[in-house]
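Listed here are the chains, written in short residue letters.
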Amino acid sequence: MPDAKPRRWRRRLWISLVVLLLVAAGLWAGNSSALWGSGEGRPSLLAHRGIAQTFPLDGVQADTCTAGRIHPPDHAYVENTIVSMRAAFDAGADMVEFDVQLTADGQLAVFHDSVLECRTDGTGRVADHTLAELRRLDLGYGYTADGGATHPLRGKAVGLLPTAQEVVAAFPDRELLIDLKNDDPADGAALAGYLATLPEARLKTISVYGGDNSVESVRSRLPQVRATSKAIMKDCLIDYLATGWTSHVPDSCHDTELHLPQRYGRYLWGWPNLFADRMSEAGTRVILVAGDGEWSEGFDQPEDLDSVPTGWSGWLWTNRTDVIAPRTGRTPQ
């Protein structure tokens, strides 16, 4: 008589496989963006530094002077100026991001680089100059697309460096994202001191991101302000990877902001639209960044939109709102 043990073993194996398949099917069904995600909206647009000059990313390092390698300009805007931010909003941006750092006299200057030589006709560190000194600079002085043979933006941005206060005042009813460029608690404390003077309704339209230390200075004083940093995003995503299969959004993912490189999103439960919906319900914005997210790569050309998930209703990071907005159903304002 044949031994019954192999048959029992095979039957248990098949039962185990069926159970695993049912569990996998349940996880897929419960986290299927196709089944549950809205996927019917249009993306919101985050204008990185207003409308900016773009540059090729190949070979870019942390110390690369990107103003010295821009694409041939087809507009005359210089990043982080009020005129470039207004142009972005007029083109259809839903939010503008700008950079902030402290000056020698404790002012919140809007400027990206820690030093002046790359973009301007000044020298030295921003932190070693007063606001009055910085206002005398030509912010477009260093931009060139041909290795320094010509400088098409020279003279077009003299005296245009604003303060954080001036940007907030210029756009009183618009969403703004402030990037603390220096991971120094003093910078965060200075920004928090200013933000604390604003009405609660205005604070709901302002978000902050940057280094862990500077952002923590803002959060500790103003926990109601939406803020994010690498540590905050890492905590959220790790917790969500562990629990998101249940559709639960952990507390670490509530009321914050996630800047996600497009190629990493596919590892998240419910990606793309169900994930964005879950985060939205938790008060968190999901901003899709082009490439690997290392050098503020944006969705800047029409072909870049081909990689955006169908029906994406989260946010897109762009340096060229003027190019992208018309292709996402917006009309100039």
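Residues numbered from 1 in each chain as written. Predicted model: local features only at pLDDT ≥ 70, side-chain atom pairs only at ≥ 80, totals over all residues. Heavy atoms only, no water.

(A) Local environment of the state of the cysteines. Under the counting rule described, the total for this entry stands at two disulfides. Through a disulfide, Cys-65 is tied to Cys-118; the S-S separation comes to 2.1 Å. With the S-S bond torsion at 90 degrees, the cross-link from Cys-65 to Cys-118 turns out right-handed. Taken as a pair, Cys-65 in the loop between strand E1 (44-48) and helix H3 (82-91) and Cys-118 in the loop between strand E3 (108-109) and helix H4 (131-135) lie far apart in primary sequence, 53 residues in all. In this model, Cys-236 is linked to Cys-253 through a disulfide, with the two sulfur atoms separated by 2.0 Å. Here Cys-236 and Cys-253 share a disulfide; its torsion about the S-S bond, 105 degrees, makes the bridge right-handed. (Disulfide = S-S within 2.5 Å. Helix = DSSP H or I, 4+ residues; strand = E, 2+ residues; numbered from the N terminus.)

(B) Quick peek at the side chain of Asp-138. Mapped onto the elements of the fold, Asp-138 is located in the loop between H4 and helix H5 (164-170). No salt bridge is formed by the buried Asp-138, whose closest oppositely charged neighbour, Arg-154, lies at an N-O distance of 6.0 Å. Of note is the side chain of Asp-138, whose polar atom sits 3.0 Å from the backbone nitrogen of Gly-140. Residues within four places of Asp-138 in sequence aside, it is in contact with Arg-119, Thr-120, Asp-121, Leu-153, Arg-154, Gly-155, Lys-156, Ala-157 and Val-158. (Buried < 20%, exposed > 50% of the residue type's maximum accessible area, 1.4 Å probe, protein only. Lys, Arg positive; Asp, Glu negative; His and termini not counted. Salt bridge = Lys/Arg side-chain N within 4 Å of Asp/Glu carboxyl O. Polar contact = N/O pair within 3.5 Å; in protein donor to acceptor, adjacent residues only side chain to side chain. Contact = heavy atoms within 4.5 Å.)

(C) Looking closely at the nonpolar core. Membership of the largest hydrophobic core comes to 34 residues, with the highest contact counts inside it found for Phe-98, Leu-191, Leu-195 and Val-208. If we ignore the near neighbours within four places in the chain, the residues touching Phe-98 are Asn-80, Met-85, Val-110, Ala-164, Val-167, Leu-176, Leu-177, Ile-178 and Asp-179. Met-279, Ala-282, Val-286 and Val-308 belong to the second-largest nonpolar core, a separate cluster that totals 26 residues. (Core = buried A, V, L, I, M, F, W, Y, C linked by side-chain atoms within 4.5 Å.)

(D) Broad picture of unusual backbone geometry. Backbone torsion omega between Trp-271 and Pro-272 reads 0 degrees, so that peptide bond is classified as cis. Tracing the sequence through the fold places Pro-272 in the loop between strand E7 (257-261) and helix H10 (273-281). Phi angles above zero are rare outside glycine, and Asn-80 is one such case at about 65 degrees. Structurally, the position occupied by Asn-80 is in the loop between E1 and H3.

By themselves these figures say nothing about function.
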